[in-house]
Amino acid sequence: MNEPLFSKKNLKLLSDPLNNSNPITVQVLGICSALAVTAQLKPAIVMSISVTAVVALANVIISLLRNTIPNRIRIIVQLVVIAALVILVDQVLKAYVYDVSKQLSVFVGLIITNCILMGRLEAFALGNRPWQSFLDGIGNGAGYAAILIIVAFFRELLGSGSVLGFRIIPESWYIINGGFYANNGMMILPPMALITIGIIIWIQRSRNRKLIEN
Amino acid sequence: MNRNGNTYTVLYAAIMVILVAAILASISMSLKPLQVRNTEIEKKQSILASVNIESTVANAEEIYAEKIKKEYVVNVNGEQVEGDAFNIDLKKERAKPEEEMLLPVFECQTDDGLKYVLPLRGTGLWGPVWGYVALNDDMNTIYGANFDHQGETPGLGAEISTDIFEKPFVGKKLFDESGKLVSITVAKIGQDAPAEHKVDGISGGTITSKGLEQMLLDDFSSYEEFLKKKK
């Protein structure tokens, strides 16, 4: 029982969700929010941090309670824990960092509906000890964040010509200013987010043979 | 105790709910004063932004006290009535029958003269949108506008709160030459409207744009008598 905090097995909990069991590209969870918040990079980053924090904390709480939770209402218990954490985060943000809370607005609500949270609580935290659950939460949050940030980077760059609000494509390139370039309006609409995720899955599978089904 | 029995399950659920409710309620109550202050400062910043005065969280209250000369409430007939203009909840007022609505007006002394700031509130795609529009003392020409929203889509509808959308409002007119209120059209590409009553809408944010257009029309209509009296 006395394995080191960062044993090989535990580190795998952190690294696996980044590739082999990525919540978005392999398990195809959390797609809804991945489409909704990736039109710009900044909300995508804030969303990633919030989801990581909530999934890690919820994992720990459920893992601590795992031997007391009545089996028949376990999903409800998980939901209550997630909802309470999300409201807590929202209230604290509103009181101390008001502008960040404005940035988040609807996404705070979206965190509750994110399948990754329920998925991790149900599949991992209910059967594992708190520290492992915490690592699993951080790992999955990071896996989610990685995809969100890649998608948001390309959508903002190609759709608005900027990254994190800073202009990358020079103004003078635009057709309006006598140049040759126009933003791809399609990139800021949700379908392109789905296609971008599809392309990421394609690239990931072509490099990682383990993921290819027979 | 049997962990799969009914008694245990019901007790567990009851205790959990009460516990969570107590924690959340106490957190919410203890943070309330800070949150209220944040929204007040934000409101002051928005009002100042509509007359093109930049302010920060730190100095908003000071500038507001200096620039905003008068706050008062009018009714739909343009008569001044009792009320605390700053703390009026527009959501409640807009739900009332028109005769009972309390409509706040803020008078602001800027370097370009006296401006009248009118607060507006309407519906976007996902939730409420609102804003402050400052008028010149001809009560017709827009001097500045500031819009905000609760949860419009970032990159699309949420663009209503950016300069790109707000700046074109400057110089637009509410009334046409015959004195009829026509408000402002938030147009899609190719949509025809007189240039002085039209601003460009947002690609991919049509419902938000149209909601905002409806808000402008509805809310200016309730101020119509007040605007005509002041002219």
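Nothing here was measured: the structure is a model prediction, and the numbers come from that model.

A.B. asks: What is the right way to look at the overall build of chain A in this model?
C.D. replies: From N to C terminus, chain A includes nine helices and two strands. Classification of the 214 residues of chain A by burial places 38% in the buried group. Counting only contacts in chain A whose residues sit at least 6 apart along the sequence, the fraction spanning at least 24 positions is 75%.

A.B. asks: Would you take a moment to explain the interface of chain A and chain B for this structure?
C.D. replies: Contacts between the two partners involve 22 residues from chain A and, on the opposite side, 24 residues from chain B. No other element matches helix α4 (residues 74-96) of chain A, which puts eight residues into the side of chain A that touches chain B. In the side of chain A that touches chain B, the residues fall into 15 nonpolar, five polar and two charged.

A.B. asks: Explain the environment of B:Asp200 here, please?
C.D. replies: One can find B:Asp200 in strand β8 (residues 198-200). On a C-alpha basis, the gap between B:Asp200 and B:Phe165 in space is 7.5 Å, while along the polypeptide they are 35 residues apart.

A.B. asks: Just to check I follow, could you spell out the nonpolar core for this structure?
C.D. replies: A general trend in soluble globular proteins is that nonpolar side chains are found buried together. A:Val54, A:Ala58, A:Leu148, B:Val117, B:Val133 and B:Ala134 are the most contacted members of the largest nonpolar core, which totals 89 residues. The element contributing the most residues to this core is helix α3 (residues 41-65) of chain A, with 11 residues. Beyond its immediate stretch of four places on either side in the chain, A:Ala58 contacts A:Val81, A:Ile82, A:Leu85, A:Leu117 and A:Leu121.

A.B. asks: Is there a simple way to explain the packing of α3(A) against α4(A) in this structure?
C.D. replies: Between two packed helices, both the angle of their axes relative to each other and the distance between the axes serve to describe the pair. Residue and element names in this part refer to chain A. Relative to each other, α3 and α4 sit at 135°, their axes nearing to 10 Å. For the element pair α3 / α4, the angle class is oblique. Crossing hand, α3 versus α4: right-handed. Touching Ser50, Val54, Leu57, Ala58, Ile61 and Ile62 of α3 are Gln78, Val81, Ile82, Leu85, Val86 and Val89, all from α4. Residue classes in the contact of α3 with α4 are distributed as 10 nonpolar, two polar and no charged.

A.B. asks: So what exactly am I meant to see when it comes to the pairing of strand β3 (residues 103-110) of chain B here?
C.D. replies: Note on strand geometry: in a regular strand, side chains alternate between the two faces of the sheet. All names here are of chain B. For strand β1 (residues 68-74) and β3, the ladder comprises six bridges, and the chain directions are antiparallel. Residue Lys70 lies in a different strand from β3, and its bridge partner there is Glu107. Where β3 meets strand β4 (residues 113-123), five bridges bridge the pair, whose relative direction is antiparallel. Bridge pairing in β4 links Gln109 to Leu114. Counted along the chain from β3 to the antiparallel partner β4, the turn is two residues long.

A.B. asks: What am I meant to see in the sheet that holds β3(B) here?
C.D. replies: Sheet strands pair by backbone hydrogen bonding; their relative direction is either parallel or antiparallel. Residue and element names in this part refer to chain B. Taking strand neighbours across the sheet as the criterion, the six strands line up as β2-β1-β3-β4-β5-β6 in an open arrangement whose pairing is antiparallel. Both outer strands of the open sheet, β2 (80-81) and β6 (142-149), are each paired with one neighbouring strand and no more. Bridge count for strand β5 (residues 128-135) against β6 is seven bridges, and the pairing is antiparallel. By the bridge assignment, Gly131 is partnered in β6 with Phe147.

A.B. asks: Please explain the packing of α3(A) against helix α8 (residues 130-160) of chain A as it appears in this structure.
C.D. replies: Residue and element names in this part refer to chain A. Taken N-terminus to C-terminus, the directions of α3 and α8 make an angle of 165°; their axes are 8 Å apart at the nearest point. In this view, α3 runs roughly antiparallel relative to α8, as classed from their interaxial angle. Seen from above, α3 lies across α8 with right-handed handedness.

A.B. asks: Explanation requested: the confidence of the model for chain B in the structure shown.
C.D. replies: Do not read the predicted coordinates in detail wherever pLDDT is low. Residues and elements named next belong to chain B. Across chain B, pLDDT averages 89, with 100% of residues at or above 70. When the elements of chain B are averaged for pLDDT, helix α3 (residues 90-95) gives the smallest value, 86, and β5 the largest, 93. Reported confidence for the predicted complex is 0.72 by ipTM and 0.71 by pTM.

A.B. asks: What exactly am I supposed to notice about helix α1 (residues 6-50) of chain B here?
C.D. replies: Residues that lie three or four places apart on an α-helix share one face, since the helix turns once every 3.6 residues. Residues and elements named next belong to chain B. At Lys32, α1 is deflected by roughly 50°, the largest bend along its length, and proline Pro33 occurs up to four residues later in sequence. Residues of α1 that are buried: Asn38, Lys44, Gln45, Ser46, Ile47, Leu48, Ala49 and Ser50. Positive backbone phi, at 60°, marks Asn52, one or two positions downstream of α1.

A.B. asks: What is the right way to look at unusual backbone geometry in this model?
C.D. replies: In terms of backbone geometry, most residues other than glycine have negative phi values and most peptide bonds are trans. Residue and element names in this part refer to chain B. Phi is positive for Asn52, close to 60°, though the residue is something other than glycine. Within the fold, Asn52 resides in the loop between α1 and α2 (60-67). Judged by the 18 C-beta atoms lying within 10 Å of it, Asn52 falls in the partly exposed class. Phi angles above zero are rare outside glycine, and Ser183 is one such case at about 60°. Mapped onto the fold, Ser183 is located in the loop between α4 (163-166) and β7 (185-187). Judged by the 20 C-beta atoms lying within 10 Å of it, Ser183 is buried.

A.B. asks: Mind showing me how you'd approach the environment of A:Ala95 here?
C.D. replies: Inspection of the secondary structure puts A:Ala95 in helix α4. In this structure A:Ala95 comes out as buried when scored by C-beta crowding, with 20 C-beta atoms within 10 Å. Taking the C-alpha atoms as reference points, A:Ala95 and A:Ile147, 52 residues apart in sequence, are found 30 Å from one another. For A:Ala95, the residues in contact, after removing those within four places along its chain, are B:Leu31, B:Leu34 and B:Gln35.

A.B. asks: Would you mind going over the pairing of β4(B) with me for this structure?
C.D. replies: All names here are of chain B. Looking at chain direction, β4 and β5 are connected through eight bridges and run antiparallel. Directly across from Leu120, in β5, lies its bridge partner Gly131. A loop of four residues connects β4 with β5, the two strands running antiparallel in sequence.

Rules used throughout
- Residues numbered from 1 in each chain as written.
- Chains lettered and ligands numbered in written order.
- Predicted model: local features only at pLDDT ≥ 70, side-chain atom pairs only at ≥ 80, totals over all residues.
- Helix = DSSP H or I, 4+ residues; strand = E, 2+ residues; numbered from the N terminus.
- Buried ≥ 20, exposed ≤ 12 C-beta atoms within 10 Å, placed from the backbone.
- Contact = placed C-beta atoms within 7 Å.
- Nonpolar A, V, L, I, M, F, W, Y, C, P; charged D, E, K, R; others polar.
- Core = buried A, V, L, I, M, F, W, Y, C linked by C-beta atoms within 7 Å.
- Axes fitted to C-alpha atoms, helices over the stretch in contact; angles between N-to-C directions.
- Parallel < 35°, antiparallel > 145°, perpendicular 65-115°, else oblique.
- Left-handed = near helix turned anticlockwise from the far one by under 90°.
- Pairing = 2+ DSSP bridges.
- pLDDT = per-residue confidence, 0-100.
- Bend = angle between axes of the 7 residues up to and from the residue.

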